[in-house]
Structures are given as C-alpha cells and as structure tokens.
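# Structure at a glance
What follows is the residue order along each chain.
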Amino acid sequence: MIEPTILQYILGTLILSTAILTVLGKNPVMSAMSLMGTLFLTGLLYFTVGAHFVGTVQILIYAGAICVLLIFIVMLLDLKPHNVRIPGRKPVYLFAGGISALFATGLVISTLPALGTNGMLDSGVIAANNLVEDAQSAKAISLTLLSKYMLPFQVTALLLLAAVMGVVVIGQKNKLTDSEGKGS
Amino acid sequence: MDEVFAIQNTSLLRWIILLPLIGAILNGLVIRSKNVRLSGLVATGFSAAAFFICLSLVNTYGLFAEDFAQVIDPWFTWFSVGRIHVPFHLEYTPLTGIMLLVVTGIGTLIHIFATGYMSEEKSPFRFFSYLNLFLAAMLVLVLSSNLVGIFLGWEGVGLCSYLLIGYWYESNENTAAGMKAFVTNRIGDLGFFVALFLLAAHAGTFQIQELITIFATGAAPIEGGIILAILACLFWASTGKSAQIPLYVWLPDAMAGPTPVSALIHAATMVTSGIFVSVRLWPLFASQPSILEWILWVGMATAWLAALIALTQRDIKKVLAYSTVSQLGFMFVALGVGAPVAAFFHVVTHAFFKALLFLGAGSVIHGMHHDQDMFNMGGLRKKMPQTHATFLIGTLAIIGFPLTAGFFSKDMILAKAYEHGPLAWGLLLLAAVLTAFYMLRAYTMTFWGEARTEHAKHAHESSLWMTIPLMLLAAGSLIVGFMETPPIIFDIHALQTAIESSWYGVSGEIAGHSGHHLSHATEWVLVLITSVASLGVAYYSYKKFLTVTSKESAKGFAAELSQNKFYVDEGYQLIIMKPLSAVASASWRFLDVVVINGFLHIVRDGMRIGGQVLSFAHTGNVQTYAWYLAAAVATALVFVNWVI
Amino acid sequence: MDQLQLLTGIGIAIFSLGVLGFLTRRSGIIALMCLELMLNGVNLCLVSFSRQHASADGSALVMLIILVAAAEAALALALFVALFRQNGSVELDDYRMLKG
C-alpha cells in the first residue's frame, strides 16, 4: 500500500480540470488546447508511477502529434465558437450525466475487488521486490510486444499504412469541389 | 389341387401389354404423323401383334380344357409396404384368355375401321395413340393377377375414355361429355378404393387366386360382413364403369366421341370390365347370396329404364348407347340369378354384335356426312349394301334371332332367370321384347322406306377399310354363339368348362343353393315363347316404321318422358350439383376471402406498421446512435455488477 | 487510498467525462476530442493495472491503443475536412442522410 505522492494528487486535479474544460469549452481552440494539456499531464502521471516508456510515447505521439493535428484542422476549418448547451438547462444533459455516472459506477465496482489490500499483488509487495521498474521498462514492453502481441503489432502496422493511404485519398482535392469554399 | 394347376412361368404375357403401349408412344411422341393411313397402320400393327400373341398363347396353353396349366408372368414387384405386398404379375386363365381374344381381336378390327373412318382427321396420331393406350390399359385390367393391378387398368381405361370422348375438344359439348364420363367413373372408383382398403385391412392380400381359394371357401377367418362390404363396394364401382343405375348417365353423352371409340370402349370392352371382374371373383360373390339379389334388381331396373328411353331416340348412336346400357343390365341380371357363365357369354356375344352395330352406324354416319338423326335417313339399303347386310345381321343377333350368337346367350340368361323365379324371367322377357322393338325401329328407319333428305339420297357405300371389319364382325356374330349351347340344341358347354376351371379349383355354386335344372320340355317352351315374342314384335315394328316421314316423332306423356331420358340428368343437377356448388361457393367466399385473406392482411399490415414504428429509431444522427450504444453498455455494466 | 486506486479512479473519471462530451457536443471535431479523452482514460487504467500485476502486457496494449488512436484521429480529421469542403459544416446534426 503505497500512498500517492503530493505530485500525483496535484496532477490528478489538474487532469480533471483540463478534461472538464475540454468537454465544456465554447471555443474549439480552447477545447483543443485543454485536450493537449490533459494528455500532457497524463503523460507526467505515467512518469510518476514508473512507466517511463509509455509516458514518453504518450507525450510524443498523443500530445505532440495528434493534438497538434487536431489544432491544425480546427484552424484550417476556421471553426467559430458556439453556444455550449448549458448543463441543467436541458433534460438531455441530465440524461448524459446520468449515463456517464452509471459508467463510472459500473467501472468502479468492477475494478474494486482487484484494488486495494485484497488484491494478490499490492503495491507494497511490488515495491519491495522492485519488479515494477523491470516490468515497465522499455525492454520488457518491447519483448512482450514482439512476442506475445506480435500479430496485433503487425496488423497495426498495416492499419497505419492503410490510414496513410486513406487520408491521402480522402483529403484530395476533388475536381468538382474547390478549395475556396462550398462544394458544387 | 396343386396337381391340377401346374404353374408355368412365361415372359410372353407382358408383351401383350407392352406392344400397344409402345405403339401409343411411337404414334404419339415419336412419329406424330398427319397421315391417317400411316398412324392408323402403325396402331393397327401393334394391336394385331398383341392379338397374335394371344392366339399363340391359346394355342400353347389351351382354352377349353378342364385342367390347364396356370400360366403366370412374374413381371416385377410393384410395391411392398409393411405386410402389404403388391406384385405386378400377369396371369392367364381360360377366362382371361377368352377376354384377351375378344379385346385384342375386336380391337384390331376397330383399329382398321378407324383408319378408314378418320380419313378427314387433321392430327390423327393423337387419336391412334390414345386408342393404343386404351388397349394397353384394358389389357392390364384383363391380365393382372391382383386387384391393385386391375385397378390400375380400371383407372387407365377411364382416363383413355375421357381422352377419346373429348377427342374433338374444340366443341364444349364434347369436353363436357368427357368430363361427365370421367367424374362419374371416379365416383364409382371410390367404391373400388374402399374395397381395396378393406382388403388391405382384413385380408392382407390382393391376389385373386388367394382371395378365391382362401376366403371364398372360408378357409381363413374373415367376417362375412366384411366380404359383403367389399363386394358391395366393387358393385358400386361396376355401376360406374358398366353403366348401371345410378351412374349410367355418362354413357349416352359419351356418344359425342368418334364412332370407333364408341364401338371399342362403350360397347365391347371397357363397359364390360365390371362384369369381367365380377366373374373373375365369382366364388366370393357366390359365398354372399344377399348381394346377388341386389345386383339382380339393379340390373333389371337398368335394363328396363334404358330400353324405355331407347324407344323414342332420334339419334342412331343414342339408340345404340341406351341399348348397351340395357344389355349390360341383362348381364348383371344374369349375375344376380347366379349364372356367371351366362353373363360372360353375353359379354362375348354382345362385344361382337354391338361393335358391329356401332361400326355400321359409323359407316352410315360417314355416308350421311355426319348427320345422325334417323328421321333424316331412309332407303339406305340400296345405297350401302354391305353396311346394310352387316347391320341386319347385328340387329338379328341382338334381338335373339334363332341360331345367332345373341340368341344363345340371351336365351341362356332367360333360362337361368326362369330357374331363379318366374317374375325375373317375365320382366326380362318383356325387356327383350322392348329390345326387339327399338332395334327394328332403328334398322327400318335407317335402311328402308324412302330417302327423306338430300344426304340420304346421295349416300354411298364406305371404303373397304370400313366394310371388311364389318363383315368379319358379322361372321363373328353368327359363329361365336356356338361355344355354349343349351342341352336341347347341340349341348355344347365349352365356355362353361373354361370359366369354371378359371376359379382355381373352387366351385362356383352359390351358398345354400341347390342348382335345379330345367327339363327339356320347359326349355323348348321358353325358347319358343322368346322367339315368337321377339320376332313378332320385330315384325310389327318393321311394318310400323316403314312409312315414317321426317317430321313425325312420338307424342304423348310417356313419349315425352322417354325422349327426355326420364329427366334423370336434370334430377342429378338439382339434387347434387347445385347444392355442391353452393357449398363450394360459400366456402370460397368465407374461408378463402375472409379468413385466409384476412389473416394475410393482418400479417402484412402488422409488418408495415411495425416497420414504420421502428424506423423512428433511425434518426441518421451519429450522436443518437452513440446514445443507444452508451445506454446499452451502461445497463449491461450495472446489470452485471449489481443484479448478478 | 492506494496509488493505483487513484490512478484507476482518475482514468474512470476521464472516461466518463469523455462519454458525457461525446453524447452532448454538437460539433464533430469536439466530439472527436472527447473520443480521444475516452481512449486516454482507458490508457490510464491500463497502465495502472500493468503496474499492479507487474507485467508488461498492459503497457504493450497501451502502445497499441495509442497507435490506433493516432491512425483513427488522422482519418477522422481527413473525413471532416472533406465533409467541410462538401457541405460547409462539421456539425453532426447536419448529417442525417440515413434517416428513416
């Protein structure tokens, strides 16, 4: 049973706030920026628990590539800020909130028995054995990835190839539509 | 009795059936020629081939011997289900041998006649194909060794009868007549079906030999009531096929078909199948005397009714048709008084002279350019001498002129009727007298007197194709009678020997009956009374109709009844057809339109409304679908964690 | 409160917020962002489980998820660009061609 550090608490709070900002932001650019913040902070959180490799990848790819692309497109399309439907004003928001709460509850209950001191492996034992650093090192991850998860790995590679081709094709300028604005 | 009946196997019998069948297929499906002579000759060839095989069979195995070798052709097993085993075996007994000769012989002659008669037919291959098919089916009926095979032939001839009656299908009248024949026959066949089912349930066999040797002699336990029921059902089937009351109504209408058809099917062969089967199964009938009384009186009533109707008919073919019904009644009377030999004797002689009469009528009709009304004929004896001579011989045979074939068979029936009781004899005698009257009326109006219309004036004799068969049949009508003569004249009993040895050693005596024979004196008296009465009435009829003009026809209430066939057809329409069609129409209107359609409409509307309702879920908006997804997953999570 | 419980809790919270946003926001790009949030929440939980069981499986899965998320985000954005060119709007309410 390892107590969370202060850093983790702070990071947690920040993550939640940025997430709320993403969801409720009026301006699409603000939503995108706070998304980037969330992802970055999550990466930091990974570092605090010793998952260095995953954290690196998260910051590099997730925060650094995907979000940038997102902001890129937001600016390309020049989306205007619009009215966010205020929670509580319309019943649909209550419903959405309710469903989210159900999700949360369900998930928590599902994972509850596995957490805490009832779990076979609790963090105290892990920390004592120092297995954590080994288990989440790049070496361990890559070994697992290339042996046990070889097929998904290769298929994901194909997927990326297909995605690249797909993006090129979809993003092409159509002769019938101009880049200046509305299509025919 | 095994030593008497040495069983011999031969595969010759199947060719008797196969040859006409091949002829039918060749003519109908392969050659399909429009040339009348060609199709006619092909058909006649196959029919004649079958006749020669029958002749050779008779030559090899004999016909009139007291102990003959039972000849069987074990062809194939038709079907075998549970304890019911039905083989398709053919059998030759003296009885079937005689019938074979009659069917194939007269059949061949009629084929030859038809080749001449149908000379203006446009697609004759159809006709001759059907004719051969009929022959094949009839031969199946004659040769089969069990009742299921007989039933196959029974239905087959019914089918061919329908096909041939409605042969000139362009006219609605002809097709209606064909339908009437088929449906009425079908109603009779129901009896045959029920008989077969009863046999399957109680006897377990359909083989005629087994039925006679085991059940008629009482060797196996089977209730008398069941046998009586079976025989009653078979008799019902015979009223359909052999045109007795109440199912005779199809036969007069069947005259719509070509005349060779009427000669072959409705005079010589098909209509006698009922009697043939009954004679074949005679020991069974003999063991149940109660049904014999019934058969006797139904036959008598039919003989009278038909004779009364024949008195006033204008169409020559209709006269002959009702005459056939009446003569069939005579044959059933013979069965009823317990004289199967007399009945079958009359079958054979009737085949000859009735076919002769029909073919002669055909020749007349051909010469009169298809005018069949006798009131329009007259004086044809000078224009058509051979037809006249042969028709005269046929008429003499049917009225029982001494020493013709009809004389011997009719007198034998009358003698046996007298043995049964004077009432039956008296009524039958009167019916014979009526026969003499209407036959002479027909003969005189056609061939004597002055020609009453142009057609009659310009009639000419028919070709050799038609006259040669007429002459051969006339010869037969004179000779055939000598196979069975009464004790006072030549005392020949060849036919009796043949038939009695066809029952596998079982006697044909009626249970509880002692046959008493007539003294010679009584026999002479009977013969004299019959001859005098018939000939006297014949002469009177001849004189009366010598001077008839074309406008005359009988008047009066009795004549009206007779001319309109006693309104039997109209009665059937009223009592049976109208209620049936009302029921059918009502059930259509209710069951089909309301119930079934209603159910289908409900299904259809339900589907439509359901689809419309469900399509509200398709908003086309991605977020809506995401809602559905999220709701489902959330419910599942909660369900799994809290409820289970 | 254990470290791992905290991480898992945060992961669940992010996931739920993502669901909330995805079901609610009108604009397509923002819905896409919420989708990324959901995936991120899952990743956090997976890392926490990986640490708990001292096995690299969870982390390997996280790698794969990040990869797939990248590909999917790129494609989705390309689609939005093409749709914007065609119709001038990325709002999800405007695309209802499959209605009925």
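Residues numbered from 1 in each chain as written. Chains lettered and ligands numbered in written order. Predicted model: local features only at pLDDT ≥ 70, side-chain atom pairs only at ≥ 80, totals over all residues. Heavy atoms only, no water.

### A few points about the overall build of chain B
When its secondary structure is counted, chain B shows 26 helices and 3 strands. With the principal axes as the frame, chain B shows a C-alpha extent of 115 × 65 × 50 Å. By residue count, 57% of the 644 residues in chain B fall in the buried class. In chain B, the share of contacts with a sequence separation of at least 24, taken over all contacts with a separation of at least 6, comes to 81%. Within the structure as shown, chain B displays about 25,500 Å² of accessible surface, and the carbon and sulfur contribution to it stands at 69%. (Helix = DSSP H or I, 4+ residues; strand = E, 2+ residues; numbered from the N terminus. Buried < 20%, exposed > 50% of the residue type's maximum accessible area, 1.4 Å probe, protein only. Contact = heavy atoms within 4.5 Å. Areas by Shrake-Rupley, 256 points an atom, 1.4 Å probe, with all protein chains shown as cover.)

### Things to note about the side chain of B:Ser39
Residue and element names in this part refer to chain B. Structurally, the position occupied by Ser-39 is in helix 2 (residues 36–61). Of note is the side chain of Ser-39, whose polar atom sits 2.8 Å from the backbone oxygen of Asn-35. Aside from chain neighbours lying at most four places away, what touches Ser-39 is Asn-27, Ser-33, Pro-124, Phe-125 and Phe-128. (Polar contact = N/O pair within 3.5 Å; in protein donor to acceptor, adjacent residues only side chain to side chain.)

### With respect to the interface of chain A and chain C
On the side of chain C, 70 residues touch chain A, which itself brings 88 residues to the contact. Between chain A and chain C, roughly 7,100 Å² of surface is buried when both sides are summed, and carbon and sulfur atoms account for 75% of that area. Our count for the contact surface shared by chain A and chain C stands at 1 salt bridge. In this structure, C:Asp57 and A:Lys148 form a salt bridge, with 2.5 Å as the shortest nitrogen-oxygen distance. Inspection of the chain A/chain C interface yields 10 residue pairs in polar contact (both at pLDDT 80 or more). (Buried area = accessible area lost by both parts, 1.4 Å probe. Salt bridge = Lys/Arg side-chain N within 4 Å of Asp/Glu carboxyl O.)

### Re the packing of aromatic side chains
Residues and elements named next belong to chain B. The final tally for this structure, using the stated rule, is 28 aromatic pairs over all chains. Judged by centre distance (5.0 Å) and plane angle (55°), the ring pair of Trp-154 and Phe-192 falls under tilted. Of this pair, Trp-154 sits in helix 5 (residues 147–165) while Phe-192 sits in helix 6 (residues 172–203); the two residues are 38 residues apart in sequence, bridging distant segments of the chain. As far as burial versus exposure is concerned, Trp-154 and Phe-192 are alike and both buried. With 6.4 Å between their ring centres and 10° between their planes, Trp-282 and Phe-285 make a pair best called stacked. Remark: Phe-285 and Trp-282 occur in helix 12 (residues 282–286); sequence separation between them is 3 residues, near one turn of the helix. Using a relative accessible area of 1% as the deciding quantity, one classes Trp-282 as buried. In this structure an aromatic cluster arises from ring pairing among Trp-75, Phe-76, Trp-78, Phe-79 and Phe-88. (Phe/Tyr/Trp six-rings, centres within 6.5 Å; stacked < 30°, edge-to-face > 60°.)

### Notes on the nonpolar core
Membership of the largest hydrophobic core comes to 205 residues, with the highest contact counts inside it found for B:Ile16 and B:Phe344. With 18 residues, the single largest contributor to this core is helix 15 (residues 340–367) of chain B. By size, the runner-up hydrophobic cluster in this structure holds 68 residues, among which are A:Cys67, A:Leu145, B:Ala634 and C:Met33. (Core = buried A, V, L, I, M, F, W, Y, C linked by side-chain atoms within 4.5 Å.)

### Overview of the interface of chain A and chain B
In this assembly, 11 residues from chain A lie in contact with 9 residues from chain B. With both sides pooled, the region where chain A packs onto chain B buries about 830 Å², and carbon together with sulfur makes up 86% of that total. Applying the counting criterion to the chain A and chain B interface returns 0 salt bridges. Inspection of the region where chain A meets chain B yields 0 residue pairs in polar contact (both at pLDDT 80 or more).

### Looking at helix 8 (residues 150–171) of chain A
Residue and element names in this part refer to chain A. Along its 22 residues, helix 8 runs 31 Å from first to last C-alpha, staying within 8% of the 32 Å computed at 1.5 Å per residue. Those residues of helix 8 not exposed but buried are Thr-156, Ala-163 and Gly-166. The buried residues of helix 8 occupy one face: seen down the axis, they fall within an arc of 85°. Residues of helix 8 that are exposed and point more than 90 degrees away from the buried face comprise Leu-158, Val-164, Val-168 and Val-169. (Expected span 1.5 Å × (residues − 1). Arc of directions from axis to C-beta.)

### Some points on the domain arrangement of chain B
Note on interface size: it is often stated as the accessible area lost on association of the parts. Splitting chain B by domain gives domain 1 (7–508 + 516–563) and domain 2 (575–643). Summarising the inter-unit geometry, the C-alpha centres of domain 1 of chain B and domain 2 of chain B are found 64 Å apart. (Domains from an automatic or database assignment.)

### Focus on the packing of helix 10 (residues 259–268) of chain B against helix 15 of chain B
Residue and element names in this part refer to chain B. Here helix 10 crosses helix 15 at 165°, and the two axes come no closer than 9 Å. Compared by their axis directions, helix 10 and helix 15 come out roughly antiparallel. You can see that helix 10 and helix 15 cross each other, and the crossing is right-handed. Taking contact as the criterion, the partners of Thr-259, Pro-260, Ser-262, Ala-263, Ala-267 and Ala-268 in helix 10 are, on helix 15, His-350, Ala-351, Lys-354, Ala-355, Phe-358, Leu-359, Gly-362 and Ile-365. Looking at the contact of helix 10 with helix 15, its residues break down into 9 nonpolar, 4 polar and 1 charged. (Axes fitted to C-alpha atoms, helices over the stretch in contact; angles between N-to-C directions. Parallel < 35°, antiparallel > 145°, perpendicular 65-115°, else oblique. Left-handed = near helix turned anticlockwise from the far one by under 90°. Nonpolar A, V, L, I, M, F, W, Y, C, P; charged D, E, K, R; others polar.)

### Observations concerning the environment of A:Val57
Along the chain, A:Val57 falls in helix 3 (residues 52–77). With relative accessibility at 9%, the residue A:Val57 sits in the buried group. Once the C-alpha coordinates of A:Val57 and A:Gly43 are considered, the two residues, 14 residues apart in sequence, prove to be 8.2 Å apart. Contacts of A:Val57, omitting those with residues within four sequence positions, involve A:Tyr62, C:Met63 and C:Ile66.

### Quick notes on helix 2 of chain B
All names here are of chain B. The terminal C-alpha atoms of helix 2, which comprises 26 residues, lie 37 Å apart, in line with the 38 Å expected from a rise of 1.5 Å per residue. Looking at where helix 2 begins, the residue whose side-chain oxygen comes 3.1 Å from the main-chain nitrogen of Arg-37 is Asn-35. Positive phi appears at Gly-62, one or two residues downstream of helix 2, with a value of about 80°.

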